[in-house]
There are 2 protein chains.
Amino acid sequence: MGRELDLPLDTVLVGDCITVMAALPPASVHAIFADPPYNLQLSGTLHRPDNSEVDGVDAEWDRFPDPAAYDAFTRAWLAEARRVLRRDGTLWVIGSYHNIFRVGAALQDLGFWILNDIIWRKSNPMPNFRGRRFTNAHETLIWAARERGSRYRFNYEAMKSLNDDVQMRSDWTFPICTGPERLRDAAGAKLHPTQKPEALLHRVILACTNPGEVVLDPFFGTGTTGAVAKRLGRRFIGIERDEAYVRAARARIDAVVPVSDERLAATPSRREAPRVAFGAVVEAGLIAPGAVLWDRTRRVSATVAADGSLRAGHERGSIHRIGALLSGAPSCNGWTFWHYEDRGRLLPLDVLRSRLRPLE
Amino acid sequence: MGRELDLPLDTVLVGDCITVMAALPPASVHAIFADPPYNLQLSGTLHRPDNSEVDGVDAEWDRFPDPAAYDAFTRAWLAEARRVLRRDGTLWVIGSYHNIFRVGAALQDLGFWILNDIIWRKSNPMPNFRGRRFTNAHETLIWAARERGSRYRFNYEAMKSLNDDVQMRSDWTFPICTGPERLRDAAGAKLHPTQKPEALLHRVILACTNPGEVVLDPFFGTGTTGAVAKRLGRRFIGIERDEAYVRAARARIDAVVPVSDERLAATPSRREAPRVAFGAVVEAGLIAPGAVLWDRTRRVSATVAADGSLRAGHERGSIHRIGALLSGAPSCNGWTFWHYEDRGRLLPLDVLRSRLRPLE
DNA sequence: ATAAGAAGTGAATCTTACT
DNA sequence: GAGTAAGATTCACTTCTTA
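Residues numbered from 1 in each chain as written. Chains lettered and ligands numbered in written order. Predicted model: local features only at pLDDT ≥ 70, side-chain atom pairs only at ≥ 80, totals over all residues. Heavy atoms only, no water.

In the annotation of an unreviewed UniProt entry, the entry for chain A reads site-specific DNA-methyltransferase (adenine-specific), and the organism field reads Elioraea tepida. The UniProt entry for chain A carries the following text under Catalytic activity (unreviewed entry): "a 2'-deoxyadenosine in DNA + S-adenosyl-L-methionine = an N(6)-methyl-2'-deoxyadenosine in DNA + S-adenosyl-L-homocysteine + H(+)". (UniProt positions renumbered as here; feature names shortened; annotations may be inferred.)

Spelled out as structure tokens, the structure:
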């Protein structure tokens, strides 16, 4: 150990990450967090239903001539990253379905040993405006050791206490980076199209490093990794090609005040788990498609569809909407309004929901 | 269309899925759900803190001599699956971090076009007994079209209904398969180590097929796909090597009672409703030639001509073209943009259109 | 000043039918 | 197949504007 002494600590190195990493000593950093280009392959412009234009990622750095070029780039930077990583170090990479399968296969081929894949569930993702796919509401992180059998660091207890004293799971919920945290220029435009939330880096850095250890970020951007590392008393090395990003990152990190005691560094609170949809009750087989629901007094009824909607006459909709419609009320809580028959007795739907609730 | 007639519908074919698929006609199935071996590469036996032994996956079918053999197997079955899939069909594959990156890269290489990656969040995962990693609390599904630009089926409204009328996201929460749903032998042992919950298949099948369409499952196991397909009024083809699994699957599926009314299976989509020309609304006398239409905020207006065109200033055209013109948008849905006055209130043209559409 | 309403926005592989 | 026109489509949150 001890190669850290040769490292340019707490600095941002300007240049291509493959070249710059090649100049760093081998086996010298404790952790690497990488947010490489996703190679989104967007074409044309996308409009919201209100006809406003979506400001998609069209940066030069996300364009590759073809899939083979992206693969070659991926394998090149991963190989350098592996060389620079200590034997007990770990690597994190974040991506989406566009690139993450290629990244994952490449790092397995290079000898990395995957420890977990982690899902960042976005509490406020952008919707799918055309209704042609599922809302893309998550991104994937891969966490890997340098090699099979290595004695990597994992701060199990820290993760457990972050999670109300139950084991931290592989799905993490955070909002996307907005509001005052999002770096903007004087005109209010975002400085970087894909700035990551600090809460995500907080958990990553806390999980796999101790205070004083070194985190390398080869795609530093506007420096989220550096800002969080400094706040948590870790050392960082950033590598970034774009000088405008580098300037923003340096100013941002200069303003960060480290926490006096890293045990005091609380993570932002978790978002509530999503509510139970009536569709989930149908999927779980707790009520069958075709079943008839009644109000408490059996004055009105409706039929359950396989997709969790209700049908009453020619009307179709959610348990809440159909309940409101048939009771003539402006709104309605379908969970308490509608009842199902169980051995001759009417029980509110809420009874079924509560069977799914403890599992959430 | 029509190749379905040559298919061995609602049967389980015994044999290796690559060989068996090779004997099926091309472009003949609407959807494929595949739960291939995960190549877990387990070594040794895992014990819980109380020293009880974890009953892991150690089946022969999950053992491959080396990573290259797993890749070759993956590409072979995916290539056959792609041949058998209709041009408008879609493929689902489920996996974990052990294999999903290799599967994803392979299917991209073969020309499939990924539509989403879907996270199955397990509400009750097995904990990590050693405390050396995050609890592996999810599995990943990839949903892919046969090729880029294909007109695949996606029952958007059905998915939205399942989720209390908000877009279905890419993260789905279900419990793992336990309790009475889990198939067991007389001694109480699990019949299959990785039986998937029916709720998961319910959502998958509802998302990408219509009643009567064909779902192929090349790794049929104990037949979850067949059971759910039958219940939802879809046709299925299962392929499975292990005769014990096949026997269990057949018995299980025989006991399934289909949903009585297949119209219950999905919320109809506006996209597939028959088109109504605005001229038909004028002809039906629902709005008079010369009537004035407004946008929602009364900022712009236009006049209805007897032929169903609109006139605004010197411009004349369809409700859509004039709407786009006056709102400065690249396109416009005239049915929702334009409003007519009814007793002092502005109502969208859509209200008139729905009066001409047959009730369904 | 405050509340209500309108407008803006986020790693996006985002249509379909007819001529 | 290419070109054109019809027409379907959004969630959670923040910030700005108006009453």
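More follows now that the structure is in view.
Residue position: B:D164 is located in the loop between helix 4 (156-162) and strand 6 (171-174). You can call B:D164 buried: its relative accessible area is 16%. Those residues in contact with B:D164 that lie beyond four places of it in its chain are A:R275, A:V276, A:A277, A:F278 and A:H320. (Helix = DSSP H or I, 4+ residues; strand = E, 2+ residues; numbered from the N terminus. Buried < 20%, exposed > 50% of the residue type's maximum accessible area, 1.4 Å probe, protein only. Contact = heavy atoms within 4.5 Å.)

Our next topic: the pairing of strand 2 (residues 29-34) of chain A. Residues and elements named next belong to chain A. Among the 6 residues that make up strand 2, 6 are buried, leaving the element largely enclosed by the rest of the structure. Sheet topology places strand 2 next to strand 3 (residues 85-95); 5 bridges connect them, and they run parallel. Within strand 3, the position partnered with A34 by the bridge is V93. Running through helix 2 (residues 67-84), the crossover from strand 2 to the neighbouring parallel element strand 3 is right-handed. Bridging between strand 2 and strand 7 (residues 214-217) involves 2 bridges; their strand directions are parallel. Bridging across to strand 7, I32 finds its partner in L216. (Pairing = 2+ DSSP bridges. Right-handed = clockwise from strand over helix to strand, strands pointing away.)

What follows covers the pairing of strand 8 (residues 235-240) of chain B. Residues and elements named next belong to chain B. When you tally the buried positions in strand 8, you get 5 out of 6 residues, the bulk of the element. Relative to strand 8, strand 1 (residues 11-14) is paired through 4 bridges, and the arrangement is parallel. Counterpart to T11 in the pairing with strand 8 is I237. For strand 7 (residues 214-217) and strand 8, the ladder comprises 4 bridges, and the chain directions are parallel. Looking at strand 8, one finds that D217 is bridged to G238. Note that the unit made of strand 7, helix 6 (residues 224-231) and strand 8 has a crossover that is right-handed.

Below, the discussion takes up the interface of chain B and chain A. Counting residues at the interface gives 76 residues for chain B and 77 residues for chain A. The contact between chain B and chain A buries some 6600 Å² in all, and 49% of this surface belongs to carbon and sulfur atoms. At the surface where chain B touches chain A, the tally comes to 5 salt bridges. For A:R121, the salt bridge identified is with B:D171, shortest N-O distance 2.8 Å. Put simply, chain B and chain A have 35 residue pairs in polar contact (both at pLDDT 80 or more) between them. Listed by contribution, the elements that provide at least two residues to the side of chain B that touches chain A are helix 3 (100-109), strand 4 (113-122), strand 5 (138-145), helix 4, strand 6 and helix 5 (198-208) of chain B. Looking at which element gives the most residues to the side of chain B that touches chain A, the answer is strand 4 of chain B, with 9 residues. The residue makeup of the side of chain B that touches chain A, split by class, is 39 nonpolar, 21 polar and 16 charged. (Buried area = accessible area lost by both parts, 1.4 Å probe. Salt bridge = Lys/Arg side-chain N within 4 Å of Asp/Glu carboxyl O. Polar contact = N/O pair within 3.5 Å; in protein donor to acceptor, adjacent residues only side chain to side chain. Nonpolar A, V, L, I, M, F, W, Y, C, P; charged D, E, K, R; others polar.)

Right, let's talk about the nonpolar core for a bit. With 64 residues, the main nonpolar core has A:W77, A:L107, B:W77 and B:L107 as its most contacted residues. Discounting residues that sit within four places of it in the chain, A:W77 has contacts with A:C17, A:I18, A:M21, A:A34, A:P36, A:V93 and A:F219. B:L40, B:V57, B:A145 and B:V246 belong to the second-largest nonpolar core, a separate cluster that totals 46 residues. (Core = buried A, V, L, I, M, F, W, Y, C linked by side-chain atoms within 4.5 Å.)

Next up on the list: the state of the cysteines. Residue and element names in this part refer to chain A. This model, assessed by the stated rule, comprises 0 disulfides over all chains. Of all cysteine sulfurs, the one in C17 lies closest to C208, which takes part in no disulfide; the gap is 18 Å. Look at C208 and you get buried, because its relative accessible area is 3%. (Disulfide = S-S within 2.5 Å.)

All names here are of chain A. With the rule as written, the count across this model stands at 37 aromatic pairs over all chains. Consider the rings of W77 and F219, whose centres lie 5.1 Å apart with planes at 80 degrees: the pair is edge-to-face. Linking W77 in helix 2 with F219 in the loop between strand 7 and helix 6 (224-231), this pair joins segments that are 142 residues apart in sequence. In this pair, the class of W77 matches that of F219, namely buried. With a centroid separation of 6.0 Å and an interplanar angle of 75 degrees, the aromatic rings of F278 and W335 are classed as edge-to-face. (Phe/Tyr/Trp six-rings, centres within 6.5 Å; stacked < 30°, edge-to-face > 60°.)

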